[in-house]
Amino acid sequence: MSAIAATQEDFWAPKRRLSLEQARKRSDLVRFLRMLFTTIAAISAGVMIGSLAYSVISGETASTIDAGDNMVTMQNPRFSGRDATGQPYVITASSAKRNGANPAIVELVSPSLDESITGTVSAPRGEFDQATQQLELFDDVIMTDSSGMRFSTTHARLFVQENRVVGVQPLTGEGPIGKIRADSYEILDGGDRVIFKGNVWTELEPSEPDTGE
Amino acid sequence: QLSGQSGPIQIEADTLEFLDKQSKAIYMGNVDAIQGDARIRTDKLTILFEEKQPAEGQANSGIGSGVGAVKQLVAEGSVFYMTPNEQAKGNRGVYNYQNDTIVLTGDVIVTRGENVIVGDRLVIEVGSGKSTVSANSKKKGERVRTVLVTEEADGEE
């Protein structure tokens, strides 16, 4: 009778699809996968937080970071700070990459500097030395300021902290006062003094004096 | 204006220092300024501009933002002022925009063709082209001296 009962119980009892051995193996697999995914999640969180912390500390903010040819290239970086007189300045670029030889130097593509004395300075290429706070611009450097003066040259070294700009290549300029050409130039005293040297040529428009009528 | 003709003034020099807050531009070394048919050559030329007041509630910022019209030109060193029919030399020349006159002082020599006038002070009214030479001293030999070369009449040997 008991054999029949046992068969009937088996008939009604839910069939166990896995044997005890198989069930143990399955839980080991699940436990391993759970650990793997948790580890991956922790690592990616760490990378993200680490890159944000790095950019906050070094004053650079970047929307995305590419890590090609083992050099970190920052897209749309922004370097901000204050010059010697406390005036804020912001250097932006389309991308920036640390110089392999000297990590203090950041190589910039399409850098632009907004700053009180020269207004806006932009160029296709530049280098920002964070240690000396000097921005060197090359190729087609354009300086425009709020008075409407527009200078064009192929080189400018901006001593951002000292509010000083030095250029050793020829410069041409045009604006409300007139036109100018010179072999080299230097902007000093926060823009109050500008010295042009070598073959200086200017054309002034002596507008009619205010007659006060 | 440096000459009866208005228009831009072209200036060449070895160096130029532009002082924004003082509304001043200082040209140094082989200075050559030309406007129309008039020319000034000198060692140093200082241009004083009218000060331009900033717009309401704004500060002048940027190179040349505080600079208005040309107010005065001051030439120093060996100053030469040349027009097609007159050359003048002196140690200091001041061109005043308001009354349109050039005042040349210091060992002034004026030549027109072959005629020469020597004195201490030359005042040129640019618009009318009238020039006045004067001397500081009344002593003999130190007053205004003139050499006029008259054309010889035909037939006189």
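Remember, predicted model here, so these are calculated numbers, not experimental data. (Residues numbered from 1 in each chain as written. Chains lettered and ligands numbered in written order. Predicted model: local features only at pLDDT ≥ 70, side-chain atom pairs only at ≥ 80, totals over all residues. Heavy atoms only, no water.)

Moving on: the overall build of chain A. Across its full length, chain A holds two helices and 17 strands. With 213 residues in all, chain A has 34% of them scored as buried. Within chain A, contacts between residues separated by at least 24 positions form 29% of all contacts whose residues are at least 6 apart in sequence. Total accessible area on chain A is roughly 12800 Å²; 59% of this is exposed by carbon and sulfur atoms. (Helix = DSSP H or I, 4+ residues; strand = E, 2+ residues; numbered from the N terminus. Buried < 20%, exposed > 50% of the residue type's maximum accessible area, 1.4 Å probe, protein only. Contact = heavy atoms within 4.5 Å. Areas by Shrake-Rupley, 256 points an atom, 1.4 Å probe, with all protein chains shown as cover.)

What follows deals with the overall build of chain B. Looking only at helices and strands, one finds zero helices and nine strands in chain B. Split into buried and exposed, the 157 residues of chain B put 38% on the buried side. Within chain B, contacts between residues separated by at least 24 positions form 40% of all contacts whose residues are at least 6 apart in sequence. Element-wise, carbon and sulfur atoms account for 47% of the exposed surface of chain B, whose accessible area totals about 8600 Å².

All names here are of chain B. Predicted confidence across chain B gives a mean pLDDT of 84, with 83% of residues reaching 70 or more. Here strand S9 (residues 145-147) is the element of chain B with the lowest mean pLDDT, 84, and strand S2 (residues 24-35) is the one with the highest, 96. As scored by the predictor, the complex reaches a pTM of 0.73 and an ipTM of 0.83. (pLDDT = per-residue confidence, 0-100.)

What describes a pair of aromatic rings is the distance from one ring centre to the other and the angle between the planes of the rings. Residue and element names in this part refer to chain A. Summed over the entire model, instances satisfying the criterion amount to four aromatic pairs over all chains. If you follow Arg 164 out to its NZ or CZ, it ends over the ring of Phe 159, 4.0 Å from the centre. Over the ring of Trp 201 we find Arg 181; its NZ or CZ atom is 4.6 Å from the centre of that ring. (Phe/Tyr/Trp six-rings, centres within 6.5 Å; stacked < 30°, edge-to-face > 60°. Lys NZ or Arg CZ within 6 Å of the ring centre and 35° of its normal.)

Moving on, we come to unusual backbone geometry. All names here are of chain A. Phi is positive for Asn 76, close to 50°, though the residue is something other than glycine. As for its placement among the helices and strands, Asn 76 is situated in the loop between strand S3 (73-75) and strand S4 (78-82). Asn 76 gets classed as partly exposed once you look at its relative accessible area, which sits at 48%.

Our focus in this paragraph is a nonpolar patch on the surface. Residue and element names in this part refer to chain A. Residues Leu 29, Phe 32, Leu 33, Met 35, Leu 36, Phe 37 and Ile 40 make up a contiguous nonpolar surface patch of about 700 Å² in total accessible area. With respect to the helices and strands, Leu 36 occurs in helix H2 (residues 20-57). When its relative accessible area of 37% is taken as the criterion, Leu 36 is described as partly exposed. (Patch = residues over 30% accessible without salt bridge, like charges linked within 9 Å, V, L, I, M, F, W, Y side chains within 5 Å. Salt bridge = Lys/Arg side-chain N within 4 Å of Asp/Glu carboxyl O.)

Let us now look at the nonpolar core. Within the largest apolar cluster, 61 residues are counted, with the highest numbers of intra-cluster contacts made by A:Leu108, A:Leu135, A:Leu158, A:Phe196, B:Ile11, B:Tyr27 and B:Ile47. Setting aside its immediate chain neighbours within four residues, A:Phe196 contacts A:Phe151, A:Leu171, A:Ile180, A:Ala182, A:Ser184, A:Tyr185, B:Asp14, B:Thr15 and B:Leu16. (Core = buried A, V, L, I, M, F, W, Y, C linked by side-chain atoms within 4.5 Å.)

What follows deals with the confidence of the model for chain A. All names here are of chain A. Mean pLDDT for chain A: 79, with 74% of residues reaching 70 or above. When mean pLDDT is taken per element in chain A, strand S17 (residues 193-204) scores highest with 95 and strand S1 (residues 60-61) scores lowest with 48. Across residues 54-63, confidence stays below pLDDT 50; counting only partners more than four residues off in sequence or on other chains, it has 21 contacts. Throughout residues 209-213 the model reports pLDDT below 50, and contacts reaching past four residues in sequence, or to other chains, amount to three contacts.

Another aspect to go through is the side chain of A:Arg98. Structurally, A:Arg98 can be placed in strand S6 (residues 95-98). Within the structure, the side chain of A:Arg98 is placed 3.2 Å from the side chain of A:Gln130, a separation counted as a polar contact. (Polar contact = N/O pair within 3.5 Å; in protein donor to acceptor, adjacent residues only side chain to side chain.)

Pairing between side chains becomes possible if they bear opposite charge and their charged atoms approach one another. With the rule as written, the count across this model stands at 13 salt bridges over all chains. Taking the shortest distance from any N to any O, the salt bridge between A:Arg164 and A:Glu162 comes out at 3.0 Å. By relative accessible area, A:Arg164 is classed as partly exposed at 22%. Across the salt bridge formed by B:Glu76 and B:Arg92, the nearest N and O atoms sit 3.9 Å from each other. In this pair, B:Glu76 is assigned in strand S4 (residues 67-83) and B:Arg92 in strand S5 (residues 86-96), connecting sequence segments 16 residues apart. Look at B:Glu76 and you get partly exposed, because its relative accessible area is 27%. Judged by relative accessible area, which is 37%, B:Arg92 ranks as partly exposed. What emerges from the salt-bridge pattern is a single network uniting A:Glu162, A:Arg164 and A:Glu186.

Residues and elements named next belong to chain B. Secondary-structure assignment places Val 126 in the loop between strand S7 (115-125) and strand S8 (130-134). Since its relative accessible area comes to 8%, Val 126 is described here as buried. Each C-alpha atom, one on Val 126 and one on Asn 99, is 9.2 Å from the other, the two residues being 27 residues apart in sequence.

This part takes up the environment of B:Val108. Tracing the chain through its elements places B:Val108 in strand S6 (residues 101-112). The residues touching B:Val108, leaving out its near neighbours within four places in the chain, are B:Lys89, B:Ile117, B:Val118, B:Gly119, B:Asp120, B:Arg121 and B:Leu122.

Sheet topology places strand S15 (residues 178-182) of chain A next to S17(A); four bridges connect them, and they run antiparallel. In the strand pairing of S17(A), A:Arg181 is matched with A:Trp201. What sits between the antiparallel neighbours strand S16 (residues 184-188) of chain A and S17(A) is a turn of four residues, in which A:Asp189 has the positive phi angle 50°. Sheet analysis places S17(A) next to strand S1 (residues 9-19) of chain B, joined by 10 bridges and oriented antiparallel. Paired with A:Val200 across the bridge in S1(B) is B:Ala13. (Pairing = 2+ DSSP bridges.)

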